[in-house]
Amino acid sequence: MPVTCVIGLQWGDEAKGKLVDLLTDRHDIVVRYQGGANAGHTVVRDGRKFKLSLIPSGIFRPEVQCVVAAGVVLNPASVLGEIDGLRNLGIKVAENLMISDRCHVIFPWHVEEDRLLEQQCGDEPIGTTLRGIGPCYRDKVGRGLAVRLGDMFRPGFEAQVERIIGAKRDVFSALGSAAGAAIDAKQVAAQYRGYAERLAPHVADTTAYLLDAVEAGRRLLFEGAQGALLDIDHGTFPFVTSSNSSGVGVSVGSGVPGRYISKVFGVIKAYSTRVGGGPLPTEQDNAIGQQIRDRGNEYGTVTKRPRRCGWFDAVAARYTARLSGVDSLAVMLLDVLSELPEVKICTAYELDGRKITNFPGHADDLRRVTPVYETLPGWRDDITGAVRLDQLPTNARKYVDRISELLGRPVGVVSVGPDRRQTIFAE
Ligand code: IMP
């Protein structure tokens, strides 16, 4: 039975939501397993746009079980807002949404710490989404100041919150912030108890549920958030998110051993984008970058920030395809490149006078590389109606084939527009 993963191979925003939505029919359970409300998935169905952050895109099919697994950091207010929004649109959110009792909970102080820490980075901030993601994961690893969703149902919760707030007040005053004094422990505890009450029908031991499911041969779809180059351990540190957003994070976040995974889709945009700070070797801070931004509507789903745009980087994507154990590529937003007279692919970097094809481990080295480009002819035709690979113009086909060759993986999917129908399945 298929256990499929959808992993972004770049810096996030690879249009994974669309692929997940398309693959959902072939699966029983869709799982989010890392990240939090920093992610933004846009799903277009029958011309209507839906924006999701925490809830898996599988929610649009009532027969599919959606699971938010242990590795996700949860802002209860955000998830409740999403639930309400979906229900208002007539979409069922009931027992078909399960949330792990092990999820770590985001509190207002995490959001404030995110802001303060960004300020402390001086002129090189990470450019986080300011959703408190990093501080919540930091407290999880630090253990002493962490709260898990399951804790919010226990009798000791009020005392736990009070103790944590005491410690946070010290942190805030050390950082010169008045935020600590403004936090009212009783009020926060009561507010979060209220959230817990509303979330109660969804809270479950998802680790046990998912293990039972794989052992029973049920079909699971793992929906990665962000992209592999933002992986805390293997990405462009420190300009990364605080979870394992590459393929290696699936087991960590869900509790399902890697041996059950049967297929990994590596999702790439036909070009590169990045939102936030950090090196982007193929960035085009010029008219071409602007053209890609305009045609691809490259503005953040969560923060609305304009995304930095550039040519496809095969060095970076080959690295993350290997890291994530990718079997098959999904090339998204190919239509965005139509009308460019020529298109470029970065096939190697030059660093200190040497040509390299391995992805550097240090952000400073990545910042110093000069991309080595291969230039291919562009295509002028409108490709948004293509439903088979042989309907693509020769040059578009050649571009996709070259990416496949450089990454050493077959292309299984090509997306030529936002709608579900604008998808070519090549396998
Ligand atoms: P954080 O996850 O909010 O801590 O942000 C850390 C970095 O990851 C920043 O560069 C963000 O812009 C980036 N990031 C976080 N989530 C996403 C996402 O869903 N798409 C793209 N970039 C993201």
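Above this text sits the structure in question.
Now for a quick tour of the structure.

Reading guide: rules and limits
Residues numbered from 1 in each chain as written. Predicted model: local features only at pLDDT ≥ 70, side-chain atom pairs only at ≥ 80, totals over all residues. Heavy atoms only, no water. Salt bridge = Lys/Arg side-chain N within 4 Å of Asp/Glu carboxyl O. Helix = DSSP H or I, 4+ residues; strand = E, 2+ residues; numbered from the N terminus. Buried < 20%, exposed > 50% of the residue type's maximum accessible area, 1.4 Å probe, protein only. Near = heavy atom within 4 Å. Polar contact = N/O pair within 3.5 Å; in protein donor to acceptor, adjacent residues only side chain to side chain. Areas by Shrake-Rupley, 256 points an atom, 1.4 Å probe, with all protein chains shown as cover. Nonpolar A, V, L, I, M, F, W, Y, C, P; charged D, E, K, R; others polar.

In total, this model carries 27 salt bridges according to the counting rule given. One salt bridge connects Asp84 with Arg198, and the closest N-O pair in it is separated by 2.8 Å. Here Arg198 lies in helix H7 (residues 185-199) and Asp84 lies in helix H2 (residues 76-88), a separation of 114 residues in the sequence. Among the residues examined, Asp84 registers a relative accessible area of 30% and is labelled partly exposed. Arg198 sits in the partly exposed class, given a relative accessible area of 43%. When the shortest N-O distance is used, the salt bridge between Arg102 and Asp205 registers 2.8 Å. Here the residue Arg102 occupies a position in the loop between strand E7 (97-100) and strand E8 (104-105), and Asp205 occupies one in the loop between strand E9 (203-204) and helix H8 (206-215), the gap between them amounting to 103 residues. With a relative accessible area of 34%, Asp205 lands in the partly exposed category. It is possible to trace a salt-bridge network through shared partners that takes in Asp13, Lys269, Glu298 and Arg307.

Attention shifts here to the site of the ligand. The immediate surroundings of the ligand are formed by 17 residues, with Asp13, Asn38, Thr129, Thr241 and Val275 found nearest. Taking Asp13, its side chain carries an N or O atom lying 3.0 Å from a nitrogen atom of the ligand. Here an oxygen atom of the ligand sits 2.8 Å away from a polar atom, N or O, in the side chain of Asn38. The protein chains hide 97% of the 470 Å² of surface that the ligand would expose on its own. Class assignment of the residues belonging to the shell around the ligand gives a composition of six nonpolar, nine polar and two charged.

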